[in-house]
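# Geometric and topological summary
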Amino acid sequence: MGNGFFTDTTLCIGCKACEVACKQWNQLPADGYEFSGNSYDNTMALGGTTWRHVAFIEQTGGPETPPSLNKWLMMSDVCKHCTYAGCMEACPTGAIVRNEFDDVYIQPDVCNGCGYCVPSCPFGVVDLIAHADYTDGRHFESDGRNHDDATQTTGGIAGKCTLCYDRQKVGFTPACAKACPTESIQFGDVDELKARAKKRVAQLEARGVQSYLYGVDSDSSVGDLNAFFLLTERPGAYNLPERPVLPSTHQPAGYTSAALAAAALALVGFVIFRA
Amino acid sequence: MSTPPDLSQLNPDASFRGASNGEPLPAHASPTYYDRPLLKRPHWGWEVIVYLFMGGVMGGSGILAALADEDGDDRELARSARYLAFALAATCPAVLVKHLGRPERFLHMMRIVKFKSVMSMGVWGLIGFSLPAAAAAAAQAGEDGVLPDVFRYIAPRRLVGPAQALLGAFIAGYTGVLISATAIPVWAIGKRFIPAFSVCSGVAGACAANAAILALTDGSERTFRKLERLELVASLAELGLLLGFERHAGELGKPMYGGERGAKLRTWTMIAGIGVPSLLNVIPVHARWKTLLASALTLFGGYVLRETLIEAGKDSADDPKAAARQPE
């Protein structure tokens, strides 16, 4: 098996070091200074140039709820690097590939920005990168880089987590996992991570904490996730689909209905025109 | 020790039960994340809408070119369908290249043939369609004296006709498969409807466009009657599928059928684009203005349908509750 992430949300302290490390290593432009008002989350979502996103879920049940049941959940979201990846199947140029580490990687010099991967990701991860994100240039002025070059190579294409392909190439841990101070983000061989994660669920269970693994032993059409999560709430609370569906599973029904309609009309047409 | 629950056990309708003691979590658990979108909005703009519309008319014209009884009444129809199919096949790629984030890389589409990707299939389908379309148009031009006489022999009718019809049907239908094979709830739930009504709308649009061309140039009365009849059948099938899709999609269909967008779809596609032209096509008045009016309404209705589909997909992506429960 390949390499992936195990993100244990019970260990996340919401420091966002993963977000910062990712932006810095991958030279991604800043997200701006929008204040969301939604707990401590001003990042709000993964995007073409935002490859880690820490979600903050504050659950206070109101005055009747005992304080022990009030929860503050934090979860560092990331591209799932699915076993059966919707983005990769949709890509018409072959720009999106599975690399030697079993991770889903967008080749930036091949992608032509058709945008079909964007609605084809059941997790809403991949997005197109606007040219404006790079021509804005603030990020690049400080280090003296020529941001025209950055626009040339990076604007107008799809972007998402590479699972630090370049770092893995030289045997480094991906930036987010390296920066995580609590080992909430663990990087390694997916099978080893899964075994560790199952032990963690049992350990939490012994302490009376309910948890489960999202993306392990899954019966969803996207298969297991190379970047999986230990969660303590329903997936919807973290803005994850309850049961992701691989978009290409809709193709047989789609092609069949198109073929039936075409055959029926061709028959009617033949009767009208030739009979 | 119990094993952690897998995704299938997390039925959104059931109260969540954890792995340890079976006690449900507090009921105040938020079902969404601040109502923020779960999915990303498709970026497709007017170029893709125009292409979906043009592709329908183009594919339908391919079918008409094969159906037309060239040795009988439909000489002019065969001519207009061939020219129109070729003209659209020549302009569509420009529109598609324009919509790319990196248009200068459009050739990258051709470095791979990928059956899993509907868009890759569409690119090759479009190239495939343009070959018989170009040959048939060149042969027609040879016959019409526009090109040298030898060109009339480059497109054997028995070969080129069926190829145009088959690939035309693919072109008219694959765009519906393309958008259905996504995670967008309103598109995914329509996998049995969107491709089918795309074909119907394409055939109806092709009948309308060719009837309009013949009305402005020349065409036999019998050809007009045939086009009207086929357009009637295709339009009514499209209407039936649109209504069926509304019922089938239910709550997920709101972005398409609800609000102002739904009203526009009902007014311009269902009533003005299908109802009125169908009436015009059955009344026994044969006049140029009638054909032109019915054609314009049908074509505009087809455009509004494509626009509604794409725009509805964007709003559907914004609905986290719909996205959390993805249609199987």
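Scoring rules and cut-offs
- Residues numbered from 1 in each chain as written.
- Chains lettered and ligands numbered in written order.
- Predicted model: local features only at pLDDT ≥ 70, side-chain atom pairs only at ≥ 80, totals over all residues.
- Helix = DSSP H or I, 4+ residues; strand = E, 2+ residues; numbered from the N terminus.
- Contact = placed C-beta atoms within 7 Å.
- Buried ≥ 20, exposed ≤ 12 C-beta atoms within 10 Å, placed from the backbone.
- Pairing = 2+ DSSP bridges.
- Axes fitted to C-alpha atoms, helices over the stretch in contact; angles between N-to-C directions.
- Left-handed = near helix turned anticlockwise from the far one by under 90°.
- Nonpolar A, V, L, I, M, F, W, Y, C, P; charged D, E, K, R; others polar.
- Expected span 1.5 Å × (residues − 1).
- pLDDT = per-residue confidence, 0-100.
- Core = buried A, V, L, I, M, F, W, Y, C linked by C-beta atoms within 7 Å.

### Side note on the overall build of chain A
- The secondary structure content of chain A amounts to 10 helices and 10 strands.
- Reported as C-alpha extents along the three principal axes, the dimensions of chain A are approximately 80 × 50 × 40 Å.
- A sequence separation of at least 24 residues applies to 66% of the contacts in chain A between residues at least 6 apart.

### Focus on the overall build of chain B
- The secondary structure content of chain B amounts to 11 helices and zero strands.
- Sequence-ordered secondary structure for chain B, helices as α and strands as β, is α-α-α-α-α-α-α-α-α-α-α.
- Across chain B, every contact between residues at least 6 apart in sequence was considered, and the portion connecting residues at least 24 apart equals 76%.

### Brief notes about the environment of Asp 41 of chain A
All names here are of chain A.
- Following the sequence through the fold, Asp 41 ends up in the loop between α1 (17-25) and β2 (52-59).
- Each C-alpha atom, one on Asp 41 and one on Leu 213, is 23 Å from the other, the two residues being 172 residues apart in sequence.
- Leaving out residues up to four positions away in the same chain, Asp 41 has contacts with Ser 36, Val 54, Ala 55 and Phe 56.

### Notes on unusual backbone geometry
- Within the chain, Leu 163 of chain A stands out as a residue other than glycine whose phi angle is a positive 50°.
- Among the secondary structure elements, Leu 163 of chain A is positioned in the loop between β7 (158-159) and α7 (165-169).

### What about the pairing of strand β1 (residues 3-8) of chain A?
All names here are of chain A.
- Counted residue by residue, β1 has six buried out of six residues, so it is predominantly covered.
- What you see with β1 is no split at all: Asn 3, Phe 5 and Thr 7 on one side and Gly 4, Phe 6 and Asp 8 on the other are buried throughout.
- Judged from the five bridges that link them, β1 and strand β8 (residues 185-189) form a sheet pairing that is antiparallel. By the bridge assignment for β8, Gly 4 is matched with Gly 188.
- Pairing of β1 with strand β10 (residues 227-231), which is carried by four bridges, proceeds in the parallel orientation. Bridge pairing links Thr 7 to Phe 229 in β10.

### Remarks on the packing of helix α10 (residues 251-274) of chain A against helix α6 (residues 194-216) of chain B
- One can describe the packing of α10 of chain A onto α6 of chain B by two numbers: an axis separation of 7 Å at closest approach and a directional angle of 35°. For the pair α10 of chain A and α6 of chain B, the sense of crossing is right-handed. Two secondary-structure elements touch here, α10 of chain A through Gly 254, Ser 257, Ala 258, Leu 260, Ala 261, Ala 262 and Leu 265 of chain A and α6 of chain B through Pro 195, Ala 196, Val 199, Cys 200 and Val 203 of chain B.
- Class assignment of the residues belonging to the contact of α10 of chain A with α6 of chain B gives a composition of 10 nonpolar, two polar and no charged.

### As for the interface of chain A and chain B
- Chain A puts 76 residues into the contact, and the matching count from chain B is 84 residues.
- At the level of elements, β2, α2 (86-90), α3 (117-120), β6 (127-128), α9 (190-206), β9 (212-214) and α10 of chain A are the ones that each hand at least two residues to the side of chain A that touches chain B.
- Considering every element that reaches the side of chain A that touches chain B, the biggest residue donor is α10 of chain A, with 17 residues.
- For the side of chain A that touches chain B, a count of residues per class yields 40 nonpolar, 26 polar and 10 charged.

### Topic: α10 of chain A
- Across its 24 residues, α10 of chain A extends 33 Å between first and last C-alpha, which sits within 8% of the 34 Å expected from 1.5 Å per residue.
- Among all positions in α10 of chain A, only Gln 251, Gly 254, Tyr 255, Ser 257, Ala 258, Ala 261, Ala 262, Leu 265, Gly 269 and Phe 273 of chain A are buried.
- In this fold, the buried residues of α10 of chain A make contact with α1 (46-67), α3 (118-143), α4 (157-180), α6 and α7 (221-249) of chain B.

### Looking at the confidence of the model for chain A
- Residues of chain A with pLDDT of at least 70 account for 91%, and the chain-wide mean is 90.
- Low confidence marks residues 136-148 of chain A, where pLDDT is under 50. Its contacts with residues over four positions away, or in another chain, come to 11 contacts.

### Topic: the environment of Gly 32 of chain A
All names here are of chain A.
- Looking at where Gly 32 falls in the secondary structure, it is placed in the loop between α1 and β2.
- On the neighbour-count criterion, Gly 32 (9 C-beta atoms within 10 Å) is exposed.
- For the pair formed by Gly 32 and Thr 50, sequence separation is 18 residues and the distance between their alpha carbons is 11 Å.

### A look at the nonpolar core
- In this structure, Cys 87 and Cys 117 of chain A together with Val 199, Cys 200 and Val 203 of chain B are the most contacted members of the largest nonpolar core, which totals 188 residues.
- The dominant element in this core, judged by the number of residues it contributes, is α6 of chain B, at 15 residues.
- Filtering out sequence-adjacent residues up to four positions away, Val 199 of chain B remains in contact with Ala 258, Ala 261, Ala 262 and Leu 265 of chain A together with Ala 169, Ala 172 and Gly 173 of chain B.

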